[in-house]
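# Examining the three-dimensional arrangement
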Amino acid sequence: HGTVKDLSLDDLPISRRREHVLNQVNKVKKRSLQQATQSDVYGYVTPISVTVGGTLNFHLSSNAVVSVSYVSLKLTAKPWVTTTSNFTVTPTQQTFPSTASTGWGWPTTFSLVTTGWSIGPYAAKLTPTSGKDIYITFIVKPLSTATKRNVMLIANTFTWTALCAQGGYSRFTTPTCNPCTLERPLDIADPSLAGPSYSSAMDAWVY
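Cut-offs used in this document
- Residues numbered from 1 in each chain as written.
- Predicted model: local features only at pLDDT ≥ 70, side-chain atom pairs only at ≥ 80, totals over all residues.
- Heavy atoms only, no water.
- Helix = DSSP H or I, 4+ residues; strand = E, 2+ residues; numbered from the N terminus.
- Buried < 20%, exposed > 50% of the residue type's maximum accessible area, 1.4 Å probe, protein only.
- Contact = heavy atoms within 4.5 Å.
- Areas by Shrake-Rupley, 256 points an atom, 1.4 Å probe, with all protein chains shown as cover.
- Pairing = 2+ DSSP bridges.
- Core = buried A, V, L, I, M, F, W, Y, C linked by side-chain atoms within 4.5 Å.
- pLDDT = per-residue confidence, 0-100.

### Things to note about the overall build of the protein
Looking only at helices and strands, one finds 2 helices and 9 strands in the protein. In the protein, the succession of α and β elements from N to C terminus is α-β-β-β-β-β-β-β-β-β-α. The burial tally for the protein puts 43% of its 207 residues in the buried class. Across the protein, every contact between residues at least 6 apart in sequence was considered, and the portion connecting residues at least 24 apart equals 63%. For the protein, the accessible area works out to roughly 11000 Å², and carbon and sulfur atoms hold 55% of it.

### Quick look at the pairing of strand S8 (residues 120-128)
A regular strand places its side chains on the two faces of the sheet in alternate fashion. Counted residue by residue, S8 has 7 buried out of 9 residues, so it is predominantly covered. Bridge count for S8 against strand S9 (residues 134-141) is 7 bridges, and the pairing is antiparallel. Among the inter-strand pairings, tyrosine 122 is bridged to a residue of S9, identified as phenylalanine 138. Between the end of S8 and the start of S9, which pair antiparallel, lie 5 residues, with glycine 131 showing a positive phi angle near 100 degrees.

### Overview of the nonpolar core
Counting 27 residues, the largest nonpolar core has Phe58, Tyr70, Phe110, Leu126 and Phe138 as the members making the most contacts within it. Among the secondary structure elements, those contributing two or more residues to this core are strand S1 (41-46), strand S3 (55-62), strand S4 (66-72), strand S7 (110-113), S8, S9 and helix H2 (157-163). Here the element with the most residues in this core is S9; it accounts for 4 residues. Excluding residues that lie within four positions of it along the chain, phenylalanine 58 makes contacts with Tyr44, Val45, Tyr70, Pro107, Thr108, Thr109, Phe110, Leu112, Ala124, Ile136 and Phe138.

### Let's talk about the confidence of the model for the protein
For residues with low pLDDT, the predicted coordinates do not support detailed interpretation. Put simply, the protein has an average pLDDT of 76, and 68% of its residues get 70 or more. Note that residues 1-9 has pLDDT below 50 and, in this model, 9 contacts with residues that lie over four places away or in other chains. Predicted confidence for residues 195-207 stays below pLDDT 50, and this span has 50 contacts to residues more than four positions away or in other chains.

### Looking at unusual backbone geometry
Threonine 46 connects to proline 47 through a cis peptide bond whose omega is -15 degrees. Secondary-structure assignment places proline 47 in the loop between S1 and strand S2 (49-51). For the peptide bond that leads from asparagine 178 to proline 179, omega is 5 degrees, which places it in the cis range. Relative to the assigned elements, proline 179 resides in the segment after H2.

### Concerning the pairing of S7
Burial along S7 is one-sided: Phe110 and Leu112 are buried, and none of Ser111 and Val113, which face the opposite way, are. Across 4 bridges, the pairing between S3 and S7 is antiparallel. Across the sheet, the residue bridging to asparagine 57 is serine 111, located in S7.

Now the structure itself:
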């Protein structure tokens, strides 16, 4: 039996890369619709990355009580390690704008101050009283005064927002979103949705 290998863009000729990306977008859309029927909580974080000590604001929409914990997405931490004890929040149901170009403007449900945190990729794991868990990915970056390293990780935030079709548009729909906002639920960046899409698995696992 041959070995099955997931394709990446580098494996394809340039003429087929757009077709491949569009196929991935359609798969993401299907997973998004499936998640919409299974999940009772949606959300996004602003900003998506902060330096150590910075504040992250999480914006949720739900009618359920939601349990929150933070998990490390570092490869050396798999299976994902919960970094803090759980706490609960009670969001309110928000409207879902039909736009992907401007921020959705949901109020802040809770905030996280990253003082003392190690740098790296993390996610807020949200567990509603019923429905499906979701993960909101965020990055904690080093201070400018930190010791410089020989390796730099670039989180593909542009790819996440370009492929995300929340609000009805992405960079690959007709019409497109231009620009595409990060301030909406970026289901494409949810690490639990790892599948055939080369970008749906949290690329920061390699950190």
